[in-house]
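A closer look at the structure
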Amino acid sequence: MSIDSSFIPFAITFLSGASYGLMTVIVGQPLDTIKTRMQGMSSSSASHILRDLYSKEGIKGLYRGGLPLLIGGSFMRSAQFGFSAKARDFLEESKFPSYKAFNTLDSNVLLAGAAGGIGRAMIEIPTDFLKIRRQVQLDANAKMNFSMLRKNLMDGSIVTFGRNTILFTSFIVYVDLSKQACTAGLIPVFLCNDDSTGLSPFAKGSICANMAWLSCWPFDVVKTQRQSGNVASDIGAIELLKDNMRQGKLFRGLAPGLVRSSIANGSSMVVYESVHSNLSLFFDVQRKDML
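Residues numbered from 1 in each chain as written. Predicted model: local features only at pLDDT ≥ 70, side-chain atom pairs only at ≥ 80, totals over all residues. Heavy atoms only, no water.

1. Here's the deal with a nonpolar patch on the surface
- A grouping of Leu22, Ile26, Leu50, Tyr54, Ile59, Tyr63, Leu67, Leu70, Ile71 and Phe75 is seen on the molecular surface, where their side chains present a nonpolar patch of about 980 Å² in accessible area.
- Along the chain, isoleucine 59 falls in helix α3 (residues 59-62).
- By relative accessible area, which is 51% here, isoleucine 59 ends up exposed. (Patch = residues over 30% accessible without salt bridge, like charges linked within 9 Å, V, L, I, M, F, W, Y side chains within 5 Å. Areas by Shrake-Rupley, 256 points an atom, 1.4 Å probe, with all protein chains shown as cover. Salt bridge = Lys/Arg side-chain N within 4 Å of Asp/Glu carboxyl O. Helix = DSSP H or I, 4+ residues; strand = E, 2+ residues; numbered from the N terminus. Buried < 20%, exposed > 50% of the residue type's maximum accessible area, 1.4 Å probe, protein only.)

This is the structure in structure tokens:
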């Protein structure tokens, strides 16, 4: 049975996304745990949480919640890159009208990025809930209450859906803008790839991801609080957002979050580019992703 040639680029993008997701967990989980505990359960500083977790549980404590993300993260990243590429192809093939704001911001890039964010959200909602519940448990040996988990599995789903749509749309937009800036010579050469058509893999992953996170960080704080189980279930996302604003906590956990994003997304993008380029070369196909 022959394989549809149009399927191969799509499959390559999904496999590359999976490698991105695996690398993100391996490199970034310890700082993600610190960020999550700062947002969802504690007023302690990042250094205090690090010392407390490490003294009680060692390195294992910093990888709490890693298993659901290790599994879900691979599919999640595959979905975001794969869905955005498919959406971009559909928009181009259907000759969907494209508009450029300020002659730089392409409307079809926005739509494709949103499709990737939606694809990611559908997988991340349950897996991130499990990750966060595990990360904020006070007793590392406590067993998860599965009847409670089934009941609350979709907690924070609306804000997660919104956050992911903004997050990945922003990321794709920043990648696209960085390509234009590199081509125009506006970015330092040491940050660009060999032919100056875009950022180098590590710079692209770290810089564009950090800018995307800054675009939606308050929603991430609210999402974590909703999924942690440490706020009353009848408090809505808007009310939580207002409460965090009053308390000056809209950017809680930002420092460890951005450090984690720089290291994890930079490293993961290097892996993604390597897997994607090598598989594209092996199968002799043109790249179809948006990166």
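2. Focus on the pattern of salt bridges
- Under the definition given, this model contains 16 salt bridges.
- Salt-bridge contacts for lysine 131 lead to aspartate 32; the nearest nitrogen and oxygen are separated by 2.7 Å. With lysine 131 in helix α5 (residues 107-135) and aspartate 32 in helix α1 (residues 7-40), this residue pair connects regions lying 99 residues apart in the sequence. Both residues of the pair, lysine 131 and aspartate 32, belong to the buried class.
- Residues joined by salt bridges that share partners form a network here, namely Asp32, Lys35, Arg120, Glu124, Asp128, Lys131, Arg163, Asp220 and Lys223.

3. What to know about the packing of aromatic side chains
- Inspection of the entire model under this criterion finds nine aromatic pairs.
- Each ring, one from phenylalanine 10 and one from phenylalanine 14, has its centre 4.6 Å from the other, and the planes form 65 degrees; the classification is edge-to-face. You can see phenylalanine 10 and its partner phenylalanine 14 sitting in helix α1, four residues apart, about one turn around the helix.
- In textbook terms, an aromatic cluster arises when at least three aromatic residues are bridged by ring pairs, as seen for Tyr20, Phe81, Phe168, Phe171 and Tyr272.
- Residue placement shows lysine 35 over the ring face of tryptophan 213; its charged tip is 5.9 Å from the ring centre. (Phe/Tyr/Trp six-rings, centres within 6.5 Å; stacked < 30°, edge-to-face > 60°. Lys NZ or Arg CZ within 6 Å of the ring centre and 35° of its normal.)

4. What to know about unusual backbone geometry
- The residue lysine 95 is not glycine, and still its phi comes out positive at about 55 degrees.
- Note on placement: lysine 95 falls in the loop between α4 (66-93) and β1 (100-101).
- Under the relative-accessibility criterion, lysine 95 is labelled exposed at 70%.
- The backbone of asparagine 103 sits at a positive phi, close to 65 degrees, despite the residue not being glycine.
- Examined against the element boundaries, asparagine 103 turns out to sit in the loop between β1 and β2 (105-106).

5. Examining the packing of α1 against α5
- The N-to-C vectors of α1 and α5 enclose an angle of 75 degrees; their axes lie 9 Å apart at closest approach. With respect to each other, α1 and α5 are oriented roughly perpendicular. Residues Gln29, Asp32, Thr33, Thr36 and Arg37 of α1 pack against Lys131, Ile132 and Gln135 of α5. (Axes fitted to C-alpha atoms, helices over the stretch in contact; angles between N-to-C directions. Parallel < 35°, antiparallel > 145°, perpendicular 65-115°, else oblique. Contact = heavy atoms within 4.5 Å.)

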